[in-house]
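Residue-level listing of the chains:
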Amino acid sequence: MGPVPRAGTIPPSCLHAVFRAAEERERATGRPVVKLHVGEPYFPPPREVALAVEHAVRDGRTAYTSAEGMTSLREALAVKLETENGHHTSAERVFVTPGSCQGLAALFQSLAGPGDELLMPELHWPIHLQQILLAGFRPVFYPLGPGYRPDVESLRAALTPRTRAVLVNSPANPTGAVLDAESMRGILELSRAHDLQIISDEAYEHFVYEGDHISFASLENGVPEDERRVFSTFSFSKSLAMTGYRLGYVVTPNAAAAHAMRVVQEASIIGPSTPVQYAGLIALKTQDAVRANARMVRANRDRALPALREAGLLAELPQGGWYAVIDVGSTGVDAETFAAGLLETHDVGVAPAAGFALRPVLSDDGRVLSADPSAEARTLVRLAFCGDPDELDTGVTRLLTHVRRLRSHGGSP
Ligand SMILES: Cc1ncc(COP(=O)(O)O)c(C=O)c1O
């Protein structure tokens, strides 16, 4: 047997293990687990979106579309990008993708060259890391400052002659951190000076709780197209709970970037699902639902999370997104032990942050030799606050009981 293929050396997402543990617990006890490890919203997609898929299928509007997606949807997205995000772009630069996840994977593939390094946050969505490694980039991690926000100096310090790209994710998974305009301008200047591409993941664009979402590419409006460097990815999954529809989109900065992306998409998907694209056209007209969903998640945050702050587990409420990262170090146990104990004694699932902080060591040809978590993540735990408000309350109450018990027993349950 030959060596393990490069993809086989990449660590699987840590979330699989958490899901499995919660499912096993439910099977073993017959009781439901409160799933604070899952980023699945409790609000449903709008009914008209479901009907749009049904009608497209019934009417036989199911043929392949181009690799970029339907012109009508891309034109509607260009209008949304202009009016909501302040991007001066056009339909030719927009790609409809099966979820923004596939859009991101395709983007990284369209950008990576041999030996190229990509800067990414030290705490990150595990899928970003997998995608970056699969594309052939070598990840370099930039440290995060207070509130888990990136700062320009830490990015500058992480630069090497091989750095080609920077990943930013605002609002961020797992931290809920939101980048401000000044930091974005700094990152853009740095990227211009060092000829870096910027990949801006804006899946949680509608979930910003202080101020407004700033879309990174809007900072490049005055720049001639072939000098632009910001790629953006967006999703229908979060704003409208269309998680299983698999619908997102990528905006490329110029014609050359769009050409490379088109090649990857032709080779990867032929084109996105046609009935789902019809759903996207209708979804763009449901802005009231988007606003209502954002209000609901914000209400969850404001009701359930202050108790975690008062208990000294959370420095500040997340400024955006669906997740918070708490530090359970004061309980005397590490995150894995904390999460296992919480599941075992209180039927609550949370995700230890180790899997959001892996530091792969690579061979020269990009194979992962080892991937241990950073020491800083040892006591960090991620929880989702986009779920049912009552379940969230129950989960947080039980979590606090667990914390008190551990603290009073010096780390043993
Ligand atoms: C930061 C981030 N980006 C992108 C995605 C992908 O979402 P989708 O592929 O459903 O659009 C997710 C999903 O959890 C995410 O957390």
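Residues take numbers from 1 onward in each chain, read along the sequence in its written order. Whole-chain, interface and lining totals are the exception, using all residues; otherwise, since this is a predicted model, local features are given only for residues with pLDDT of at least 70 and side-chain atom pairs are given and counted only at 80 or more. In computing side-chain properties, one takes all heavy atoms of the structure into account and sets aside hydrogens as well as water.

1. Focus on the site of the ligand
Rule in force here: Residues are labelled near a given molecule or strand when at least one of their non-hydrogen atoms is within 4 Å of it. Nitrogen and oxygen atoms within 3.5 Å of one another constitute a polar contact, given that in protein one can donate a hydrogen and the other can accept it, and given that sequence-neighbouring residues count only through two side-chain atoms. For every accessible area listed, the method is Shrake-Rupley and the probe measures 1.4 Å; residues are considered covered only by the protein chains on display. Every helix listed is a DSSP run of H or I at least four residues long, and every strand listed is a run of E at least two residues long, numbered separately from the N terminus.
Taken together, 13 residues surround the ligand, and among them Ser100, Asp201, Ser235, Ser237 and Arg246 come closest. Contact distances for the ligand include 2.7 Å between an oxygen atom and a backbone N or O atom of Ser100. Take Tyr204: an N or O atom from its side chain is 2.8 Å from an oxygen atom of the ligand. Protein chains shield 93% of the accessible area of the ligand, which is 390 Å² for the free molecule. Looking at which element gives the most residues to the shell around the ligand, the answer is helix H4 (residues 99–111), with 3 residues.

2. Looking at helix H5 (residues 126–135)
Threshold: The buried label goes to any residue with under 20% of its type's maximum accessible area, the exposed label to any with over 50%, and the partly exposed label to all in between, with areas taken from a 1.4 Å probe on protein chains only.
Taking burial as the measure, the 10 residues of H5 include 8 buried ones, the bulk of the element. Along H5, the positions that sit buried rather than exposed are Pro126, His128, Leu129, Gln130, Gln131, Ile132, Leu133 and Ala135. In the segment just after H5, Gly136 is the residue with positive phi, at about 105°.

3. Focus: the packing of aromatic side chains
Applied cut-off: By convention, a stacked pair of Phe, Tyr or Trp rings (six-membered ring in the case of Trp) has centres within 6.5 Å and planes under 30 degrees apart, an edge-to-face pair has planes over 60 apart, and any other such pair is tilted. Put simply, a charge is over a ring when the Lys NZ or the Arg CZ is close to the ring centre, within 6 Å, and near the line of the ring normal, within 35 degrees.
All chains considered together, the criterion is met by 8 aromatic pairs. Pairing Tyr204 with Trp322 gives two aromatic rings, centres 5.6 Å apart and planes at 70°, and the pair type is edge-to-face. One end of the pair, Tyr204, is in the loop between strand S6 (197–201) and strand S7 (230–235); the other, Trp322, is in the loop between helix H11 (306–310) and strand S9 (323–327), with 118 residues separating them in the sequence. By the burial criterion, Tyr204 is buried, and Trp322 matches it. Centroid distance Phe207 to Trp322: 5.5 Å. Interplanar angle 80°. Geometry classified as edge-to-face. Of this pair, Phe207 sits in the loop between S6 and S7 while Trp322 sits in the loop between H11 and S9, and the two are 115 residues apart along the sequence. Between the NZ or CZ atom of Arg359 and the centre of the ring of Phe141, over which it lies, the distance is 4.3 Å.

4. Here's the deal with the domain arrangement of the protein
As a reminder, the rule being used: Annotation comment: domain bounds sourced from an automatic or database domain assignment. Throughout, a contact is declared for two residues whenever any of their heavy atoms are within 4.5 Å. Note: buried area is the sum, over both parts, of the accessible area (probe 1.4 Å) each one loses when the two are combined. Definition used for salt bridges: Asp or Glu carboxyl oxygen within 4 Å of a side-chain nitrogen of Lys or Arg.
The domain boundaries assigned to the protein delineate domain 1 (6–44 + 288–408) and domain 2 (47–286). Placing the centre of domain 1 and that of domain 2 at their C-alpha centroids yields a distance of 25 Å. Taken together, the contact pairs 44 residues of domain 1 with 38 residues of domain 2. Between domain 1 and domain 2 the total buried area reaches about 3400 Å² when both faces are included, carbon and sulfur atoms providing 59% of it. Interface area lost by domain 1 to domain 2 is led by Val290, Gln319 and Phe356, which between them contribute 20%. For the pair domain 1 and domain 2, the interface holds 2 salt bridges. Between Arg149 and Glu316 there is a salt bridge, with the nearest N and O atoms lying 3.4 Å from each other. Put simply, domain 1 and domain 2 have 22 residue pairs in polar contact (both at pLDDT 80 or more) between them. Among the elements of the structure, helix H10 (287–304), S9, strand S12 (358–362) and strand S14 (380–384) are those that each provide at least two residues to the side of domain 1 that touches domain 2.

5. Some thoughts on the pairing of S7
Stated formally: At least two DSSP bridges between two strands are required for those strands to pair.
Burial analysis of S7 places 6 of its 6 residues in the buried class, the great majority of the element. Side-chain alternation along S7 places Val230, Ser232 and Phe234 on one buried face and Phe231, Thr233 and Ser235 on a second face that is also buried. Taken together, the 4 bridges between S6 and S7 define a ladder with parallel strand orientation. The partner of Ser200 across the bridge, within S7, is Ser232. Where S7 lies against strand S8 (residues 248–251), 4 bridges are found, and the strand directions are antiparallel. Looking at the pairing, Phe234 lines up with Tyr249 of S8.

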